[in-house]
Amino acid sequence: NVFGKKPIPGGVAAITRRLEDKLMQAGEGLLRVDKQFAFTAFDGKPSDGPLFLFIHGTNSNAQEAYKGLNGTDVWDFIHSTYIQNVLAFQHRTLSLSPLQNAVALANQLPDTAELHIISHSRGGLIGDILCRYALNDENTITGFADENIDLLKKENRQADIDCIKQLNKIFSNKKIRVKKFIRVASPSAGTKLASNRLDAILNTFCNLFGGEANPIT
């Protein structure tokens with residue numbers, strides 16, 4: 001029967017795992033990013049200065065999403081400003097939810113930190129979750145309201161509720177502030193920064209993150 005569907009070896013879950021394994025070959029979790037865009041382990045220790053954090057989007061990784069910065073004046077600016085505090089969160093986006101990703105990221109953050117975030121596509125959802133648990137000017141966190149939990153219960157989304165409980169517990173012992181957050185998202189651009197939009201994106205980045213220093217003219 002030429003119209004019959006042949007079973008996929010291992011099923012969708014196995015295909016997803018192989019795709020994500022390939023994307024995570026350079027490393028997984030919260031990692032330091034050096035000047036050559038290579039990853040090394042992040043020790044999780046608090047820093048005197050802010051942490052600059054890349055969060056990539058769907059079916060991607062930090063290198064694919066942000067490699068357009070490598071070798072630019074902006075890349076030099078990032079590393080001269082943040083030095084060894086340039087980080088990337090490498091995470092699985094097909095088999096895990098943004099809440100599950102946020103739990104993994106939260107567990108790897110220092111107990112105290114100031115975060116400056118740039119995210120792409122779905123990575124912005126993880127950044128939004130972090131903002132819910134970041135200390136505000138009154139030194140309190142927003143988290144998720146009872147109304148949010150009730151909606152999840154109605155949808156039988158127990159896994160999401162469990163993640164929120166984990167986040168509540170994690171952030172009861174952490175003091176995180178998100179001081180700067182840029183989200184870049186364009187469905188037509190896939191999971192990469194489109195080259196014809198890069199100058200505008202980088203100018204925005206420098207204006208918000210770099211004060212008077214703006215290497216893009």
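Our subject is the structure listed above.
Note that the coordinates shown come from a computational prediction; the quantities given were computed from them, not determined experimentally. (Residues numbered from 1 in each chain as written. Predicted model: local features only at pLDDT ≥ 70, side-chain atom pairs only at ≥ 80, totals over all residues. Heavy atoms only, no water.)

Draft legend 1. Structural view of the overall build of the protein. Broken down by element type, the protein carries eight helices and six strands. Starting at the N terminus and ending at the C terminus, the protein contains elements arranged as α-β-β-β-α-α-β-α-β-α-α-α-β-α. For the protein, the residues scored as buried account for 45% of the 217 residues in total. Long-range contacts, defined here as pairs at least 24 residues apart, represent 78% of the contacts in the protein between residues at least 6 apart. (Helix = DSSP H or I, 4+ residues; strand = E, 2+ residues; numbered from the N terminus. Buried < 20%, exposed > 50% of the residue type's maximum accessible area, 1.4 Å probe, protein only. Contact = heavy atoms within 4.5 Å.)

Draft legend 2. Seen up close, the nonpolar core. Counting 31 residues, the largest nonpolar core has Leu 30, Leu 53, Leu 105, Leu 115, Leu 130, Leu 167 and Phe 171 as its most contacted members. Put simply, the parts of the chain that give this core at least two residues each are strand 3 (51-55), strand 4 (86-90), helix 4 (98-108), strand 5 (112-120), helix 5 (123-133), helix 6 (146-154), helix 7 (158-171) and strand 6 (175-184). Take this core: its biggest share by element is six residues, from helix 7. Those residues in contact with Leu 167, other than ones at most four positions away along the chain, are Leu 99, Ala 102, Val 103, Ala 106, Ile 129 and Tyr 133. By size, the runner-up hydrophobic cluster in this structure holds 19 residues, among which are Phe 37, Leu 69, Trp 75 and Ala 88. (Core = buried A, V, L, I, M, F, W, Y, C linked by side-chain atoms within 4.5 Å.)

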